Amino acid sequence: MSMAALRRLLLLAYTALVFAFIFAPIVSTIVFSFNADRFPSLPWGGFSLQWYEAIFADATIQRGLMNSLIVAGVTCVIATFLGFSAAYVDYRYRFLGKSIYLALAALPPTVPVVILGVALLTFEGRVGLSGTLQGIIVGHVVLSTPFAMALVRMRLADLDPDIERAAWNLGASPWATMFGVIVPFCTPAILAALFLTAAVSFDEFMIAWFVSGVNETLPVRVLAMLQGQVSPRINAIGAIVFGVSITLVVLAQLLLGRMSGRAARKKG
Amino acid sequence: MSEPLPTPDTGSAPLKGTSRRATEARFAVFWGAPPALWQAAFFLVPLGFLVAMTFWSVKNFRLTPDATLANWMFILNAGFFRNAYVYTFWLSALTAAIASVAAFPAAYTLAYKVSPAVRRFMIFMLVVPFFTSYPVRIYSTQIFFSPQGIINTVLVPLGLGPLHVLNTPTGTVVGYLVLTLPLVVLLQTFALANVPRILIEAAHNLGCGRLRTIWTVIIPSARIGLIVAGTFAFVLAFGDYVAPTYLGGSKPPTLSILIADQVKSGNNWPRASVVAVMMIVTLMVVMLVMIGFAYGRRKEKA
Amino acid sequence: MATPMIELDRVAKHYGNHAAVADVSFTIEKGEFVALMGPSGCGKTTTLRMIAGLDQPTSGEIRLWGRRLNEDAPWERDAPLVWQSYALFPFLSVRRNVEFGLKQRGLPAAERRKKADEWMERLGIASFAERGVDQLSGGQRQRVALARALALEPEMLLLDEPLSALDPHLRVRMQSELVRLHRELGITFICVTHSHSEAFAMADRVVIMNEGRIQQIGAPRDIHRRAANRFVAEFVGGNNIFTGTARFEDDGSIALAGLVGTVHAPAPMEGGIVTGGAATLVVPADRIELAGTSTGAGNEVQARVVTVEFVGSTVTVFLETEGGCELRAQRSLHEMENTPLAVGQPVVARWSPQQGFFLPG
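Residues numbered from 1 in each chain as written. Chains lettered and ligands numbered in written order. Predicted model: local features only at pLDDT ≥ 70, side-chain atom pairs only at ≥ 80, totals over all residues. Heavy atoms only, no water.

1. Observations concerning the overall build of chain C
A count of helical and extended segments in chain C gives nine helices and 20 strands. In terms of overall dimensions, chain C has a C-alpha envelope of 75 × 45 × 40 Å along the principal axes. Taken over 361 residues, chain C has a buried fraction of 51%. Residue pairs at least 24 apart in sequence account for 65% of intrachain contacts in chain C once pairs closer than 6 positions are excluded. Counting only carbon and sulfur atoms, one obtains 48% of the accessible surface of chain C, whose full area is about 15800 Å². (Helix = DSSP H or I, 4+ residues; strand = E, 2+ residues; numbered from the N terminus. Buried < 20%, exposed > 50% of the residue type's maximum accessible area, 1.4 Å probe, protein only. Contact = heavy atoms within 4.5 Å. Areas by Shrake-Rupley, 256 points an atom, 1.4 Å probe, with all protein chains shown as cover.)

Take a look at the structure:
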């Protein structure tokens with residue numbers, strides 16, 4: 001074997017190791033959610049769906065799932081609207097203080113969620129939002145709007161500014177142009193943003209933990225279960241959450257892939 | 001075609017103009033205002049509130065608006081805070097260093113040693129962890145390292161164990177790596193893939209060996225991306241609550257654990273706010289320093 | 001005097017300290033084909049965009065049938081534009097692109113369809129009405145852009161460098177097609193171009209601009225025959241420009257003594273030239289004849305052939321005199337086939353004094 005091939009093999013093996021470290025927790029979650037044994041270890045205790053049956057029988061988990069779905073559903077609509085608006089403003093306008101405007105829209109993910117959680121809890125306690133699903137939604141929108149904004153902004157970067165002006169020139173008012181030209185052009189990015197922000201909200205546990213009170217979302221329920229003893233039910237929940245999130249992300253990815261594929265064809 | 005109409009009256013033209021400006025202003029406000037208002041109301045105001053609260057006092061278990069420095073004095077002088085601060089900072093920096101070094105060969109491989117299709121797929125794979133419940137991943141890791149877990153069932157018969165990772169700082173760092181490594185590999189891969197191929201080929205052509213090319217061409221060219229990746233790792237680890245709680249066993253506590261404990265049980269929110277503000281200030285300073293570090297020397301070179 | 005259709009009155013457009021358009025006034029009559037021409041950055045496109053309402057004048061007034069237009073929003077004007085980049089809506093089919101403007105006017109679907117069909121038929125794009133615009137060639141996109149604008153049946157059509165993105169062979173075809181459309185429709189065409197051959201081939205009237213100001217307005221033939229200043233004489237091409245010292249002759253003509261030797265031309269009506277002063281003489285290249293020997297009549301210059309360039313049925317011969325003065329002569333291919341020229345060959349360049357003209361002062 002040549003030196004170059006050996007070097008490449010070593011690098012590939014190392015990379016595989018890094019990926020193994022990253023994916024071992026995810027894979028084992030899914031695998032052990034089907035394990036009959038109570039304690040997830042080797043040897044394999046046999047295939048079983050009992051943990052799934054257990055969580056579907058658990059009213060608190062069901063409520064948590066319901067809450068999570070509601071929160072994610074509302075969050076994704078608001079966050080995508082706000083993200084779209086901010087991205088369009090960035091695309092279309094130049095104004096004094098624009099960098100502050102954009103920073104305000106984009107910065108929340110750089111603040112640790114534990115701090116966002118405390119800040120929202122104290123603030124929402126004052127305005128009567130804490131302990132409600134609305135309170136969680138408010139925080140999740142803050143956190144996920146920047147992701148929606150980034151996706152839409154990327155799409156708008158491919159829109160020739162002349163196209164908007166061409167619509168005006170043909171008699172379309174700014175409103176007609178928005179709904180006849182800009183929104184249709186951004187549709188793939190808007191859908192991707194809906195899925196992505198839903199996924200961010202669906203997985204968020206820290207803000208929800210601080211703010212939710214008795215209205216626990218699913219991740220908050222998981223956090224509570226972690227404090228108890230080992231339970232394969234956590235694996236089952238994890239596997240379900242994984243399934244939901246990955247479906248959303250794959251859908252977003254497919255839409256973005258179609259978008260970039262088209263852009264590539266246009267250039268080619 | 002009709003002949004030119006006589007100008008109706010001069011009043012109509014300016015009127016039309018006013019309506020144009022009004023339409024455009026309404027349009028701009030409709031799209032521009034909601035994001036700003038939302039983030040101001042639910043991001044800026046709560047954070048400002050948090051800062052204001054550091055000067056409040058707790059009297060008879062009731063939060064009272066005040067202008068006292070007592071919370072600041074108490075926290076900054078408290079041994080538990082200082083220890084937690086140093087401990088959290090040190091562990092986060094260590095995580096950033098380990099993640100950066102451990103990710104580099106993998107990012108190098110993804111950037112240069114695999115086909116574009118494989119690279120795209122691997123990049124997608126690296127995004128997946130962000131959308132799997134992080135607490136569940138930490139739970140799985142906990143199981144792995146538990147006394148009866150997979151790692152010890154393999155190691156002990158080989159005479160290599162048992163490995164004590166849970167409830168130690170090592171456990172916390174392992175958890176931090178679970179959180180940060182995917183992002184660091186991802187960002188490093190982007191950074192390396194953006195290094196112009198021609199620079200690397202030129203270096204080889206000039207007789208620069210592989211390792212020396214990495215050291216003298218690739219790393220300096222990708223420095224901004226590499227520094228950003230490490231900084232993100234630091235920021236994520238510094239604010240994390242789950243890994244130090246469930247893998248580190250809360251002993252010693254990190255800053256995020258202090259905050260959560262104060263808020264969830266201690267009910268001393270002003271003191272928790274001081275810790276939170278200290279964390280934000282620290283992160284801002286670290287980010288500014290790293291940005292300066294990433295861009296500063298580059299200017300000098302140019 | 002009747003109100004002109006379009007009137008630009010001391011229009012200026014400033015970006016900060018930079019004047020894209022400094023001070024522009026001209027009028028356009030209904031049914032004219034006007035070309036705005038000049039080098040890039042001369043303000044021609046900004047002028048067009050101000051007519052469309054896409055840019056607002058900093059000062060001055062734009063009037064349509066005598067009514068001030070400055071504050072009308074672009075979507076309130078009836079001045080569809082054919083964009084240099086075509087600016088077709090990428091997510092819509094050809095048909096929906098053509099129908100777009102009609103839809104904005106609130107036309108019912110059936111009528112929209114009928115009108116769009118008519119215009120697509122007329123411009124030869126009916127066969128791919130349902131295709132996406134990203135599947136079209138450059139020439140086809142151009143036609144979609146035209147159909148989209150003309151479907152509104154406007155009283156004027158604006159064109160921004162309509163031919164610049166086309167292959168050379170398509171350009172010539174499109175050029176004659178635009179002229180045919182203009183004649184058939186009878187509406188006003190205002191076309192921005194940097195190419196004098198395009199402008200001269202299509203337009204009834206040409207507005208030549210430089211650095212935000214109008215240099216000359218006139219019919220192509222007049223501009224070619226009588227450039228108003230040195231910039232125009234150089235920009236329209238095909239001119240010989242000689243400088244030297246003027247001297248009034250007894251017959252009222254002026255003799256110019258310079259690098260080219262001594263040549264004659266009539267004195268300009270505007271005056272401005274004095275004996276002993278500097279003057280600039282323009283002689284169109286297609287007015288210069290080439291001969292083997294001197295006849296002693298008219299202006300004659302001894303020169304040598306430097307290069308011979310063949311473009312289409314025109315031949316341009318580049319000459320140089322003993323004294324280093326460059327000249328060029330444009331002759332027909334047919335003529336040159338009878339008297340072939342070799343590089344380095346001595347010839348006599350000759351033109352009648354009436355063919356040259358002095359630039360004013």
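Further notes follow.
2. Quick notes on the overall build of chain A
The number of helices and strands found in chain A is eleven helices and zero strands. Put simply, chain A runs from its N terminus to its C terminus through helices and strands in the order α-α-α-α-α-α-α-α-α-α-α. Its C-alpha atoms give chain A principal-axis dimensions of about 70 × 70 × 30 Å. Burial status across chain A gives 54% buried among its 268 residues. When contacts within chain A are restricted to residue pairs at least 6 apart in sequence, long-range pairs at least 24 apart make up 72% of them.

3. Remarks on the packing of helix H3 (residues 79–113) of chain B against helix H7 (residues 169–193) of chain B
Residue and element names in this part refer to chain B. One way to put it is that H3 packs onto H7 with a least axis distance of 6 Å and a crossing angle of 40°. Between H3 and H7, the interaxial angle falls into the category oblique. Of the two possible hands of crossing, H3 and H7 adopt the one that is right-handed. (Axes fitted to C-alpha atoms, helices over the stretch in contact; angles between N-to-C directions. Parallel < 35°, antiparallel > 145°, perpendicular 65-115°, else oblique. Left-handed = near helix turned anticlockwise from the far one by under 90°.)

4. A look at unusual backbone geometry
Residues Lys251 of chain B and Pro252 of chain B are joined by a peptide bond in cis, for which omega reads -10°. Examined against the element boundaries, Pro252 of chain B turns out to sit in the loop between helix H11 (242–246) and helix H12 (255–266). Notably, Tyr86 of chain C is not glycine yet its phi reads approximately 70°, a positive angle. A relative accessible area of 7% means that Tyr86 of chain C is categorised as buried.

5. Description of the nonpolar core
In a soluble, globular protein the nonpolar side chains are often hidden away together inside. Ile115 and Phe210 of chain A together with Ile259 of chain B are the most contacted members of the largest nonpolar core, which has 132 residues in total. Top contributing element to this core by residue count: helix H11 (residues 232–267) of chain A, with eleven residues. Each of domain 1 (12–53) and domain 2 (70–301) of chain B gives at least three residues to this core. Of all hydrophobic cores here, the second largest spans 116 residues; its members include Ile28, Ala145, Ala149 and Val207 of chain C. (Core = buried A, V, L, I, M, F, W, Y, C linked by side-chain atoms within 4.5 Å. Domains from an automatic or database assignment.)

6. Here we look at the confidence of the model for chain A
Of the residues in chain A, 94% have a pLDDT of 70 or more, and the chain-wide mean is 88. Taken as a whole, residues 264–268 of chain A scores under 50 in pLDDT and shows one contact with residues more than four places along the chain or in a different chain. (pLDDT = per-residue confidence, 0-100.)

7. Focus on the sheet that holds strand E15 (residues 289–291) of chain C
Residue and element names in this part refer to chain C. An order of E15-E19-E16-E17-E18 is seen for the five strands of this open sheet, with the pairing classed as antiparallel. Every other strand in the sheet has two partners, leaving E15 and strand E18 (326–332) as the edge strands with one partner each. The average undirected angle you get between the axes of adjacent strands in this sheet is 45°. (Pairing = 2+ DSSP bridges.)

8. Some details on the interface of chain A and chain B
With 84 residues of chain A at the contact, the number on the chain B side is 80 residues. Buried area between chain A and chain B, both sides added, is near 7300 Å², and the carbon and sulfur share of it is 82%. Inspection of the region where chain A meets chain B yields zero salt bridges. Here the element with the most residues in the side of chain A that touches chain B is helix H1 (residues 3–32) of chain A; it accounts for 17 residues. Residue classes in the side of chain A that touches chain B are distributed as 65 nonpolar, 14 polar and five charged. (Buried area = accessible area lost by both parts, 1.4 Å probe. Salt bridge = Lys/Arg side-chain N within 4 Å of Asp/Glu carboxyl O. Nonpolar A, V, L, I, M, F, W, Y, C, P; charged D, E, K, R; others polar.)

9. Description of the packing of aromatic side chains
The tally for this structure, following the rule as stated, stands at 37 aromatic pairs over all chains. Among the aromatic side chains, those forming a connected cluster through ring pairs are Phe81, Phe84, Tyr88, Tyr91, Tyr93, Trp175 and Phe179 of chain A together with Phe27, Phe30 and Trp31 of chain B. Taking NZ or CZ as reference, Arg223 of chain B lies 5.7 Å from the ring centre of Phe293 of chain B, over its face. Here the basic side chain of Arg271 of chain B rests over the ring of Phe74 of chain B, its NZ or CZ set 3.6 Å away from the ring centre. (Phe/Tyr/Trp six-rings, centres within 6.5 Å; stacked < 30°, edge-to-face > 60°. Lys NZ or Arg CZ within 6 Å of the ring centre and 35° of its normal.)

10. Observations regarding the UniProt feature "domain: ABC transporter" (unreviewed entry) in chain C
UniProt marks residues 6–236 of chain C with the feature "domain: ABC transporter" (unreviewed entry), using the numbering shown here. Overall, residues 6–236 of chain C shows 36% helix and 26% strand. The separation of its end C-alpha atoms is 26 Å. (UniProt positions renumbered as here; feature names shortened; annotations may be inferred.)

11. Thoughts on helix H2 (residues 70–77) of chain B
Turn by turn, an α-helix covers 3.6 residues, leaving residues three or four places apart pointing in a common direction. For H2 of chain B, the full list of buried residues reads Asn71, Trp72 and Ile75 of chain B. End-on, the buried residues of H2 of chain B take up no more than an arc of 95°, which puts them together on one face. (Arc of directions from axis to C-beta.)

12. Remarks on the pattern of salt bridges
Between side chains of opposite charge, a pair can form as their charged atoms come close. Residue and element names in this part refer to chain C. Under the definition given, this model contains 31 salt bridges over all chains. With a closest N to O distance of 2.4 Å, Glu61 and Arg63 form a salt bridge. Each of the salt bridges in this network shares a partner with another, and the network as a whole consists of Glu7, Asp9, Glu61, Arg63, Arg68 and Glu71.

13. Thoughts on the environment of Asp222 of chain C
Checked against the element boundaries, Asp222 of chain C lands in helix H7 (residues 220–225). Residues Asp222 of chain C and Val206 of chain C, 16 residues apart in the sequence, show an inter-C-alpha distance of 9.8 Å.

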